[in-house]
Amino acid sequence: MVDDVLRAMAEKIAADAPEGWRRAELHAFAGDDGWSGYRGVTFESDGRSRRRSSVSGEGSRRRSPTSVQSAGDGEASEHALPDASDDGIDMHQELRELHELVGATSDHLTIELVVEAKGRYEAVLSEALERDDDGYGFLYVLSPDTLPPEPGTFQREPGDLRPTGDPREAVELIGAYLRERDRVLGRDTYAPPPALPSAQRSWLEARLPCRLPDDLRALYALVDGDGGQGLLDQHPWFGLEMLENHSRPENRWWSAGRRWRHHLISPLITSVGPPQAVRRLSDHPRWIPFATTTLGDFLAVDMAPGPGGRPGQVIRMGLHYDDGPVYVADSVTALLRRHVAALRAGAFRVEEGELLIDLGEQPYEESRSLRVAGADARSLRGLHPGIERLSVTNAPWVDFTPARGAPALLQVTVDNCPGADLAPLRDTPLELLDLAMDGIDLGPLAGHTTLRMLRLRTERSVDLTPLTSCPRLYGLDLSQSAIADISVLGELKNLLYLRLRRAQWEELWERAGHPAGLAAAGLADEPRRERAWWWSADRAYHAREPSLRTAAKWANDLAGQTADVRLHTGRFTRPRR
């Protein structure tokens, strides 16, 4: 039974609790194939000290550092504890049992457990409800398969569909590269694997989602990759069978499992390279990986380029590029040309028999982020056409006039500023806007064609009406804002994500009902209730809200009969001290 497992977990936590504890929290998760993990167990005492410990059980995917945090009247401090294997709580078996007992069908079951020293526990199990990124609020996913369209879907097709690679030159360059490599290393002992038979190559290429560029096809007619040598920028070059395998949709593991949580942590997808050369996507079936690293990243030929790109250009993508790919070269031919030129120019070193070639930095690798504060905010000092992210803090006033027409400006954050005229931002491709100001006038943003997500933080009421004319606006965080008329939210037909405090949700439901089309929703944490008098510290301390019970009720109100939330309460046997 689920309650039996939860009771055993509560007893295990209580047995490991420090003296004077009053409450403990466990934030955990479990998935199919027997994996599980958790962020640690947090113990709270009367003095509001916290102790975190975590152990990595068999199959666990995450391990948190072991530490002690003290958060009393003074500043927080942190001290190392012994290794978790000596002072940790292994919950792997119990988490795996819970995943099986509730019949979870997804690979992510959230387990939130609160244990009280008085002998009571409370738990929430859900495949849809989880802690949000700050660890205090909650995220409920109503439609896991509905994510915002990525920016690349709005980009037009390239103006020039002619590949720049040259098959004949590519073949000549691979020969020159291998000869230069032998010269540098002082030996002639390496030969790439021979090409596959023509019929086998044709069969494999026919299984690809698109035709390979001619220069790469010509190379595969000569050799079958590099046999793991890492010839291309230290990336082992796939044989054609491996290339075909990685191009299959079911094998593109690096792009699988992108969830709302990941999207909210990193909502901005960009691309690095010449302007609009690479489509702003986290992945595309016509990005064909042909070389890899040991860390899950790839070199790929891009057969679905952006408006300023060309088919067959080489990009870097994969596990560590879910916020957007990086442009490498305009073709495989150009990439080989850079290798040969670097070797002939002496731009290399040899370490333990391994040849490391310095291909040099590309001119577009300048900083794309700008932070300004104080007086620099008036002129946005340092702003240039390549800036994508702009952050303005602690300024008496923000003048966005220098940003008018900025061709690449996608994200703007304003923090601790009295106010700003947002009108110049209307003439930018802005997508993400985060405003923390005394007063916010959204009027100048009416009809903004690219704005996608907005976060507001202000104590003065904000009129949301201008947002109804923003066609791509899918996300709003109003949890730290006063709203003039919350019923306006019901008019935002493309809204997929909304984050509010509990009282704001209740007001919205009362005045406008449940917004149609929401795919994910956030329940923000409430301001901390501090003790009123020094002598009442033990009685006036309040746990943070929302509690598990509050979150479960909110999720049920939000999702109705389809809600996926299991609330369990019970008692456990307290250990003898």
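Every value quoted in this text rests on a predicted model; they were computed, and no experiment measured them. (Residues numbered from 1 in each chain as written. Predicted model: local features only at pLDDT ≥ 70, side-chain atom pairs only at ≥ 80, totals over all residues. Heavy atoms only, no water.)

Chemist: Give me the sheet that holds strand 21 (residues 432-437): which residues, what numbers.
Modeler: Read across the open sheet, the ten strands follow the order 8-9-25-24-23-22-21-19-17-16; overall the sheet is mixed. Only two strands of the sheet have a single partner each, and these edge strands are strand 8 (129-131) and strand 16 (369-373). Along the sheet, successive strands turn relative to each other by an average axial angle of 15°, direction set aside. Bridge analysis of strand 24 (residues 497-500) against strand 25 (residues 520-523) gives four bridges, and the strand direction is parallel. Bridge pairing in strand 25 places leucine 500 opposite leucine 523. Helix-sheet contacts for helix 12 (residues 548-559) involve strand 8, strand 9 (138-141) and strand 25, and the interaxial angle to strand 9 is about 30°. (Pairing = 2+ DSSP bridges. Helix = DSSP H or I, 4+ residues; strand = E, 2+ residues; numbered from the N terminus. Axes fitted to C-alpha atoms, helices over the stretch in contact; angles between N-to-C directions. Contact = heavy atoms within 4.5 Å.)

Chemist: Lay out the nonpolar core in plain terms, naming residues and giving numbers.
Modeler: By size, the foremost hydrophobic cluster in this structure holds 64 residues, and its most contacted members are Phe400, Leu442, Leu464, Leu476, Trp505 and Trp554. Tallying contributions element by element places helix 12 first for this core, with seven residues. With near-sequence residues (within four places) excluded, leucine 464 lies in contact with Leu442, Leu456, Leu478, Ile483, Val488 and Leu489. Within the second largest apolar cluster, 53 residues are counted, among which are Leu204, Leu216, Val223 and Ile315. (Core = buried A, V, L, I, M, F, W, Y, C linked by side-chain atoms within 4.5 Å. Buried < 20%, exposed > 50% of the residue type's maximum accessible area, 1.4 Å probe, protein only.)

Chemist: Let's hear about the pattern of salt bridges: which residues, and what values?
Modeler: One pass over the full model with this rule turns up 39 salt bridges. The salt bridge involving glutamate 180 is made with arginine 183; its shortest N-O contact spans 2.6 Å. You can see glutamate 180 and its partner arginine 183 sitting in helix 3 (residues 167-185), three residues apart, about one turn around the helix. We classify glutamate 180 as buried; its relative accessible area is 14%. With its nearest N and O atoms 2.8 Å apart, the salt bridge here joins arginine 280 to glutamate 431. With arginine 280 in the loop between helix 7 (260-265) and strand 10 (287-292) and glutamate 431 in the loop between strand 20 (420-421) and strand 21, this pair connects stretches of sequence that are 151 residues apart. Judged by its relative accessible area of 12%, arginine 280 falls in the buried class. The network of salt bridges with common partners includes Asp132, Asp415, Asp434, Arg455, Arg457, Asp477 and Arg499. (Salt bridge = Lys/Arg side-chain N within 4 Å of Asp/Glu carboxyl O.)

Chemist: Requested: an account of the packing of aromatic side chains, with residues and values cited.
Modeler: Under the defined criterion, the tally for this structure stands at ten aromatic pairs. With centroids separated by 4.6 Å and ring planes inclined at 50°, the aromatic side chains of tryptophan 254 and phenylalanine 298 adopt a geometry described as tilted. Note that tryptophan 254 is positioned in the loop between helix 6 (240-247) and helix 7 and phenylalanine 298 in strand 11 (residues 297-302), a separation of 44 residues in sequence. The pair formed by tryptophan 254 and phenylalanine 298 is uniform in burial state, with each residue classed as buried. (Phe/Tyr/Trp six-rings, centres within 6.5 Å; stacked < 30°, edge-to-face > 60°.)

Chemist: Go over helix 10 (residues 502-512), please, and point to the residues and values.
Modeler: Along helix 10, the residues classified as buried are Arg502, Gln504, Trp505, Leu508 and Trp509. Along helix 10, the residues classed as buried sweep out an arc of 160° about the axis, all on the same side. Across helix 10 from its buried face, at more than 90 degrees, point the exposed residues Ala503 and Glu510. Each element contacted by the buried residues of helix 10 is listed here: strand 23 (475-483), strand 24, strand 25 and helix 12. (Arc of directions from axis to C-beta.)

Chemist: Kindly report on the confidence of the model for the protein chain, identifying the contributing residues and their values.
Modeler: On average, the protein chain scores 88 in pLDDT, and the residues at 70 or more come to 89%. Long-range and interchain partners of residues 51-87, a stretch whose pLDDT sits below 50, account for 82 contacts in this model, where long-range means more than four residues apart. Confidence drops under a pLDDT of 50 for residues 531-540, and excluding neighbours within four residues, the segment shows seven contacts in the predicted structure. (pLDDT = per-residue confidence, 0-100.)

Chemist: I'd like a description of the sheet that holds strand 10, backed by residues and values.
Modeler: One open sheet accounts for four strands, arranged 10-11-12-13; its pairing is antiparallel. This sheet does not close on itself; its edge strands, each paired only once, are strand 10 and strand 13 (326-329). Averaged over all adjacent pairs, the angle separating strand axes in this sheet is 40°, with direction ignored. In this structure, strand 10 lies alongside strand 11, joined through five bridges in antiparallel fashion. The residue of strand 11 that forms the bridge with threonine 292 is phenylalanine 298.

Chemist: Hey, could you go over the packing of helix 1 (residues 2-15) against helix 2 (residues 92-101) for me, with residue numbers and the actual values?
Modeler: In the contact formed by helix 1 and helix 2, the axes pass within 10 Å of each other and the chain directions differ by 160°. Put simply, helix 1 runs roughly antiparallel to helix 2. When the axes of helix 1 and helix 2 are compared, the crossing they make is left-handed. When helix 1 is examined against helix 2, the residues Val2, Val5, Leu6, Met9 and Lys12 are found in contact with a partner set consisting of Glu94, Leu95, Glu97, Leu98 and Leu101. Considering only residue class, the contact of helix 1 with helix 2 consists of seven nonpolar, no polar and three charged. (Parallel < 35°, antiparallel > 145°, perpendicular 65-115°, else oblique. Left-handed = near helix turned anticlockwise from the far one by under 90°. Nonpolar A, V, L, I, M, F, W, Y, C, P; charged D, E, K, R; others polar.)

Chemist: Pulling in residues and values, what's your account of the side chain of serine 331?
Modeler: Its location among the elements puts serine 331 in the loop between strand 13 and helix 8 (332-344). Side-chain polar atoms of serine 331 contact the backbone nitrogen of alanine 334, separated by 3.0 Å. With sequence-adjacent residues up to four places away left out, serine 331 is seen in contact with Thr164, Gly165, Asp215, Gly312, Gln313 and Val314. (Polar contact = N/O pair within 3.5 Å; in protein donor to acceptor, adjacent residues only side chain to side chain.)

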